[in-house]
Amino acid sequence: MTQEKWGLLRNKLLKAIGQNNFTTWIEPLEFQELKDGVAVFSAPTNFMGNYVSQNFADLILYELNIAGETVQRLSFRTAANSPVRPSDTAEKPDMLRAVPPVHAPAQGQMESLQAAPLDARFTFDSFVVGKPNELAHAAARRVSEGGPVTFNPLVLYGGVGLGKTHLMHAIAWELKTKHPELNVLYLSAEQFMYRFVQALRERRMMDFKHLFRSVDVLMVDDVQFIAGKDSTQEEFFHTFNALVDQNKQIIISADRAPGEIKDLEDRVKSRLQCGLVVDLHPTDYELRLGILQNKVQQYSKTYPDLVIADGVLEFLAHRISTNVRVLEGALTRLFAFASLVGREIDMELTQDCLADVLRASERKITVEEIQRKVSEYYNIRISDIVGPKRLRSYARPRQVAMYLCKQLTSRSLPEIGRRFGGRDHTTVMHGVKRIEELKLTDGQIAEDVEMLRRALEA
């Protein structure tokens, strides 16, 4: 093989492994000779020769044979001028470093690197389905059937406490129950990175590659964690491609859409976006209330004597709207506190016990935000809402906005009037009273106000 042919092969390797890996590991190598099926390279250090033989040897051998060369193995010579400390494995600068044979990990090793523990509470039966998460739930159910792959990967994304991890665990439980023959590997992105670094440190990259390329279903939680970690992204990219090529299912979760994850490589974003990307929307009032009712049923087995007054669950579902974990934690605290003091769970106990949670969950809605939402809802300009025009098409939305300002903000009537074109506080009072009356007699107004309130509190 000529130096010119090696130069062409280097270009192929660059495309296959990326610029960072190529610059660090392949570019310093110098081709020496090809003799008796052994391709000999000069490496600056023993460590570099070892690393290349363990991580890129298969790829180099493949490219060499595709190019028409008959090569059975690679060997590496340490450059004579390299400051290498003498060791058992580097006594001679021209010592051949053969590529070690690739062995599959022993069964015990495989078991020790198996999936992260699954939470027994997180099943499909305990997942409360509502409009914000029904698509994600349906997609998760479909994947958990274990049939032919229809969309790959499945990416679930959404904010904190919206059910991503719950769905991931539910899929894993369902697959393990209905298809025990499948090798399902569930782990967090942090665990993926830890195992990658561990394999590098212990020089077991081939074991690592074999482990992750032999699974039937790979599930990686919180993939945004690998953003900015180039080497981990590189290995994740190659693992992803290898599994997709084998028609194996990949399921990913993240806290935002793949295209919005900062410092995630474009090629990784592209791979994640090629499947089904599903958003878990913020919970609405009905879904939060359903979650609370489901939790109360569970707690009734532990606290059979506790009584919960009417309106408490509705109050919590209305006030704690940002995070399901906080919502469930508040209910847990409430039941524990009530059992300790031996009292009924009523509104007074709820407000005393959860004072800090209720304060923290209070969302500050501004007058300007209400004006903007109302103008968008009624398809008019904000200037029409705050302006002097008294046409009914402007006056009614204006009164709705005033009513919402009175209900959802702590602003006084004079302050609200000033934000609506300098109107008097009596005008605001009249507008609020008028909407209160119309809510009782006009179904459309009642629906408009409720829709706007939900949108503002979401």
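The structure we're discussing is the one just above.
Note that the structure is predicted; figures quoted are calculated from it, not measured.

### Here's the deal with the overall build of the protein chain
Within the protein chain one finds 22 helices and 8 strands. Projected onto its principal axes, the C-alpha coordinates of the protein chain cover approximately 95 × 60 × 45 Å. For the protein chain, the residues scored as buried account for 48% of the 458 residues in total. A sequence separation of at least 24 residues applies to 72% of the contacts in the protein chain between residues at least 6 apart.

### Re the pattern of salt bridges
Opposite charge on two side chains permits pairing when their charged atoms draw close. What the rule picks out here adds up to 20 salt bridges. Here E450 ties to R453 by a salt bridge, and the two come within 2.4 Å at their closest N and O atoms. Of this pair, E450 and R453 both sit in helix α22 (residues 443-457), 3 residues apart, which is roughly one turn of the helix. You can call R453 buried: its relative accessible area is 16%.

### Let's talk about the sheet that holds strand β2 (residues 38-43)
The strand order across the open sheet built from 3 strands is β1-β2-β3, with neighbouring strands paired in mixed fashion. The sheet is open, and its two edges are formed by β1 (30-35) and β3 (73-78), each paired on a single side. Within the sheet, the average angular offset between the axes of one strand and its neighbour, ignoring direction, is 25°. Sheet analysis places β1 next to β2, joined by 5 bridges and oriented antiparallel. Counterpart to E30 in the pairing with β2 is S42.

### Concerning the packing of helix α13 (residues 312-319) against helix α14 (residues 324-341)
α14 packs onto α13 with a crossing angle of 145° between their chain directions and a minimal axis gap of 10 Å. For the pair α13 and α14, the sense of crossing is right-handed. For the pair α13 and α14, the contacting residues are V312, L313 and L316 in the first and L327, L331 and L334 in the second. The residue makeup of the contact of α13 with α14, split by class, is 6 nonpolar, no polar and no charged.

### A word on the environment of P117
Within the secondary structure, P117 is located in the loop between α5 (107-112) and α6 (134-144). In this structure, the C-alpha to C-alpha distance between P117 and L187, residues 70 residues apart in sequence, is 8.4 Å.

### Here we look at the environment of S214
Relative to the elements of secondary structure, S214 occurs in the loop between α9 (205-213) and β6 (217-221). Using a relative accessible area of 25% as the deciding quantity, one classes S214 as partly exposed. Here the alpha-carbon distance between S214 and F124, two residues 90 residues apart in the chain, equals 27 Å. A polar atom in the side chain of S214 sits 2.9 Å from the backbone oxygen of H210. A polar contact of 3.0 Å, which involves the side chain of S214, links it to the backbone oxygen of L211.

### So, unusual backbone geometry
The general pattern is negative phi for most residues beyond glycine and trans for most peptide bonds. A cis geometry characterises the amide bond from N152 onward to P153, with omega recorded as 5°. Looking at the element boundaries, P153 is found in the loop between α6 and β4 (154-157). With phi around 70°, D263 is a residue other than glycine that occupies positive phi space. For D263, the position within the fold is in the loop between β7 (249-254) and α11 (266-272). Although it is not a glycine, N379 adopts a positive phi angle of roughly 60°. Within the secondary structure, N379 is located in the loop between α17 (367-378) and α18 (382-386). We classify N379 as exposed; its relative accessible area is 70%.

### Quick notes on the side chain of R396
Note on placement: R396 falls in helix α19 (residues 392-408). For the buried R396, no salt bridge exists, and the shortest N-O distance to an oppositely charged side chain is 6.4 Å, to D442. Excluding its chain neighbours within four sequence positions, the residues that come into contact with R396 are R434, I435, L438 and I445.

### Section: a nonpolar patch on the surface
Together, F337, L340 and V341 give the surface a local cluster of nonpolar side chains, amounting to about 300 Å² of exposed area. When its relative accessible area of 74% is taken as the criterion, L340 is described as exposed.

### So, helix α21 (residues 425-441)
For α21, built from 17 residues, the straight-helix expectation of 24 Å at 1.5 Å per residue is met to within 8% by its first-to-last C-alpha distance of 25 Å. Among all positions of α21, only V428, G431, V432, I435 and L438 are buried. Down the axis of α21, the smallest arc covering the buried residues is 130°, so these residues share one side. Summarising the geometry of α21, the exposed residues directed more than 90 degrees from the buried face are H430, K433, L440 and T441.

Rules and cut-offs
Residues numbered from 1 in each chain as written. Predicted model: local features only at pLDDT ≥ 70, side-chain atom pairs only at ≥ 80, totals over all residues. Heavy atoms only, no water. Helix = DSSP H or I, 4+ residues; strand = E, 2+ residues; numbered from the N terminus. Buried < 20%, exposed > 50% of the residue type's maximum accessible area, 1.4 Å probe, protein only. Contact = heavy atoms within 4.5 Å. Salt bridge = Lys/Arg side-chain N within 4 Å of Asp/Glu carboxyl O. Pairing = 2+ DSSP bridges. Axes fitted to C-alpha atoms, helices over the stretch in contact; angles between N-to-C directions. Left-handed = near helix turned anticlockwise from the far one by under 90°. Nonpolar A, V, L, I, M, F, W, Y, C, P; charged D, E, K, R; others polar. Polar contact = N/O pair within 3.5 Å; in protein donor to acceptor, adjacent residues only side chain to side chain. Lys, Arg positive; Asp, Glu negative; His and termini not counted. Patch = residues over 30% accessible without salt bridge, like charges linked within 9 Å, V, L, I, M, F, W, Y side chains within 5 Å. Areas by Shrake-Rupley, 256 points an atom, 1.4 Å probe, with all protein chains shown as cover. Expected span 1.5 Å × (residues − 1). Arc of directions from axis to C-beta.

Honestly, that's just the spatial picture; any functional story needs more than this.
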